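Observations on the three-dimensional arrangement
Next come the chains, spelled out residue by residue.
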Amino acid sequence: QVQLVESGGGLVQPGGSLRLSCAASGSMISIFAMGWYRQALGKQRELVATITKGGSTNYADFVKGRSTISRDNAKNTVDLQMNSLKPEDTAVYYCNVVVTVTTVWGPSAPRDYWGQGTQVTVSS
């Protein structure tokens, strides 16, 4: 019912920039929030940034001041602009969306959906 398409990952040199994009699609979905998480090798998945439909943002400390999350409610997309990238930013980045889905029984409870992940590698 919900599909997330991620793009923008790749290899970048330290100090460089990347813009990650995620588009959510599906039938009769209502999005509460979208965001990005990441998981580095050998570590737990962690929040990078989220944004609600109303525009409230939440950033992890390690990206504050060098990353910006934004969304287009009409297009159901979320972007994460990352600047001044560091080698420790290397991880698989996952798009996350919290939605309700209209079913034959009515609107569902809020549900989490995850993209397949896009690799970000920061290396010289």
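Throughout what follows, the structure given in this document is the object of discussion.

The rules behind the values
Residues numbered from 1 in each chain as written. Predicted model: local features only at pLDDT ≥ 70, side-chain atom pairs only at ≥ 80, totals over all residues. Heavy atoms only, no water. Pairing = 2+ DSSP bridges. Helix = DSSP H or I, 4+ residues; strand = E, 2+ residues; numbered from the N terminus. Axes fitted to C-alpha atoms, helices over the stretch in contact; angles between N-to-C directions. Buried < 20%, exposed > 50% of the residue type's maximum accessible area, 1.4 Å probe, protein only. Contact = heavy atoms within 4.5 Å.

The pairing of strand β1 (residues 2–7) with strand β3 (residues 18–26) spans 6 bridges and is antiparallel. The residue of β3 that forms the bridge with Gln-3 is Ser-25. As defined by bridge partners, β3 adjoins strand β8 (residues 77–82) across 6 bridges and the pair is classed as antiparallel. Pairing of Leu-20 across the sheet is with Leu-80, part of β8.

On to the sheet that holds β1, then. Each strand in a sheet pairs with its neighbour through backbone hydrogen bonds, running either in the same direction (parallel) or in the opposite one (antiparallel). Strands sit in the order β1-β3-β8-β7 across an open sheet of 4 strands; the sheet is antiparallel. Looking along the sheet, the strands with just one partner apiece sit at the ends: β1 and β7 (67–72). Neighbouring strand axes in the sheet, compared pairwise and without regard to direction, differ in orientation by 15° on average.

Moving on, we get to the environment of Lys-86. Counting through the fold element by element, Lys-86 comes out in the loop between β8 and β9 (91–103). Lys-86 gets classed as partly exposed once you look at its relative accessible area, which sits at 36%. Not counting the four nearest positions on each side in its chain, Lys-86 is found in contact with Arg-66 and Val-122.

Keep in mind these numbers describe shape, not what the thing actually does.
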